[in-house]
Amino acid sequence: MSDTTQGGGVVKHAPDAQGPDAALARLRALETLESGYEAWLELKLEQAAARLRFREERERLEQQGSFLLGAVRAAGLAPPASAEPGLVSGAAPAGDFLRDAEEKLTQAREAVARREAESEARHAEAFAEIRATLRDRIQRYLGASRPALTLMLRRLGAERSILHLSRVTGDTPALLCFLFSGRIPSRHGFLLDDSTEDVSLAPAPLYADEGVAPAEVRPDAAALEARMRGEGDVLPLKGFLPVFVPKPGGGDDFFRLLQRGAVLEVEIADGSAFRNVLTREESERFAGHLLRLKLEGRIGLEIEVG
């Protein structure tokens, strides 16, 4: 527990937090993907709580300084109000008492700033370790086994179709996210998460993680594609898997596998929206992309034509 002396009194602060140690201990104790993601979530919550504590501590120090200055003014010892934000200058009538109080408040603020910077640095290191560990585990899992997919074609005439894939659970969504995009998802159960903050709206395609603000969790198709193609090693995606399928003339198209109950429905980005009715060329190109992954030994694939 740390103490800050103010004038003749001592203000007790809460004990310093344990930091990320508990989350890292969980990460290192268990080798499963889910335990790694649990440690990551634990660390996020601990960091949020630490930031709140530091903010409250800064506010408390500001309140103490304001209270002390108000008391000194009430005693007729302080200079005019224009002397803020500091308490008083060295020539203030309050003399040694005010100078001592100002010095101790400054020291307390600096101590809080140092502890906050150290806390942020420890959390940054812990987040880096967790991400690297999860990436390594996913790569090892993919090296040891192949995710199994079943692709189902539903024809809508000669030139149109809808593609579905069988639902995947457990660690498979995280493995497929890395296989398709080279990046790890921000949460373990992202694909089957159909929660929504507004019951009048469909579930958002993004979590408010990894720099995504709460107001940005519902981008249109173009903005979502930009997010999926952006920098960073983590995707805060929710309820879908991104797939980039090469085009014959170069470049690629952005498809997504959207969770729809018992299946994943294949959609293609088309301007600012997604389209689930695919042309024959689009559906064949998507199926061909999965077939290449199968032939490379990266996935298991069964194709059913209905």
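About the criteria used
- Residues numbered from 1 in each chain as written.
- Predicted model: local features only at pLDDT ≥ 70, side-chain atom pairs only at ≥ 80, totals over all residues.
- Heavy atoms only, no water.
- Helix = DSSP H or I, 4+ residues; strand = E, 2+ residues; numbered from the N terminus.
- Buried < 20%, exposed > 50% of the residue type's maximum accessible area, 1.4 Å probe, protein only.
- Contact = heavy atoms within 4.5 Å.
- Areas by Shrake-Rupley, 256 points an atom, 1.4 Å probe, with all protein chains shown as cover.
- Salt bridge = Lys/Arg side-chain N within 4 Å of Asp/Glu carboxyl O.
- Core = buried A, V, L, I, M, F, W, Y, C linked by side-chain atoms within 4.5 Å.
- Pairing = 2+ DSSP bridges.
- Polar contact = N/O pair within 3.5 Å; in protein donor to acceptor, adjacent residues only side chain to side chain.

## What about the overall build of the chain?
Consideration 1: From N to C terminus, the chain includes six helices and 12 strands.
Consideration 2: A buried classification covers 40% of the 306 residues belonging to the chain.
Consideration 3: Across the chain, the fraction of contacts at a sequence separation of at least 24, relative to all contacts at a separation of at least 6, is 60%.
Consideration 4: Surface accessibility of the chain: about 15,700 Å² in total, with carbon and sulfur atoms responsible for 54%.

## Topic: the pattern of salt bridges
Consideration 1: By the definition in use, this model includes 23 salt bridges.
Consideration 2: The salt bridge partner of Arg 229 is Asp 252, with a shortest N-O separation of 2.5 Å. With Arg 229 in helix 5 (residues 221-229) and Asp 252 in strand 8 (residues 252-260), this pair connects stretches of sequence that are 23 residues apart.
Consideration 3: Classification of Asp 252 by relative accessible area gives partly exposed; the value is 28%.
Consideration 4: Across the pair Glu 267 and Arg 256 runs a salt bridge, and its minimum N-O distance is 2.7 Å. Of this pair, Glu 267 sits in strand 9 (residues 263-270) while Arg 256 sits in strand 8, and the two are 11 residues apart along the sequence.

## A short note on the nonpolar core
Consideration 1: Membership of the largest hydrophobic core comes to 61 residues, with the highest contact counts inside it found for Ile 138, Leu 165, Met 228, Leu 257, Phe 286 and Leu 290.
Consideration 2: If we ignore the near neighbours within four places in the chain, the residues touching Leu 290 are Leu 151, Leu 165, Phe 180, Ile 299 and Leu 301.
Consideration 3: Grouped together as the second largest cluster of nonpolar side chains are six residues, Ala 50, Phe 54, Leu 61 and Ala 108 included.

## Description of the pairing of strand 4 (residues 160-166)
Consideration 1: Counting buried residues along strand 4, five of its seven residues qualify, which places the element largely inside the surrounding structure.
Consideration 2: Where strand 3 (residues 148-155) meets strand 4, five bridges bridge the pair, whose relative direction is antiparallel. When the sheet's bridge partners are listed, Leu 151 is paired in strand 4 with Leu 165.
Consideration 3: The hairpin turn running from strand 3 into strand 4, its antiparallel successor, is four residues long, and Gly 157 in that turn takes a positive phi close to 90°.
Consideration 4: Note: strand 4 against strand 11 (residues 278-279), two bridges, orientation antiparallel. Among the inter-strand pairings, Arg 160 is bridged to a residue of strand 11, identified as Thr 279.
Consideration 5: Relative to strand 9, strand 4 runs antiparallel, the two sharing three bridges. Following the sheet pairing, Ser 166 is matched in strand 9 by Val 263.

## Regarding unusual backbone geometry
Consideration 1: The residue Glu 210 is not glycine, and still its phi comes out positive at about 50°.
Consideration 2: As for its position among the elements, Glu 210 is in the loop between strand 5 (184-185) and helix 5.
Consideration 3: Residue Glu 210 is classed as partly exposed on the basis of its relative accessible area of 29%.

## Quick look at the side chain of Glu 46
Consideration 1: Counting through the fold element by element, Glu 46 comes out in helix 2 (residues 33-74).
Consideration 2: Among the residues examined, Glu 46 registers a relative accessible area of 17% and is labelled buried.
Consideration 3: Side-chain polar atoms of Glu 46 contact the side chain of His 123, separated by 2.3 Å.

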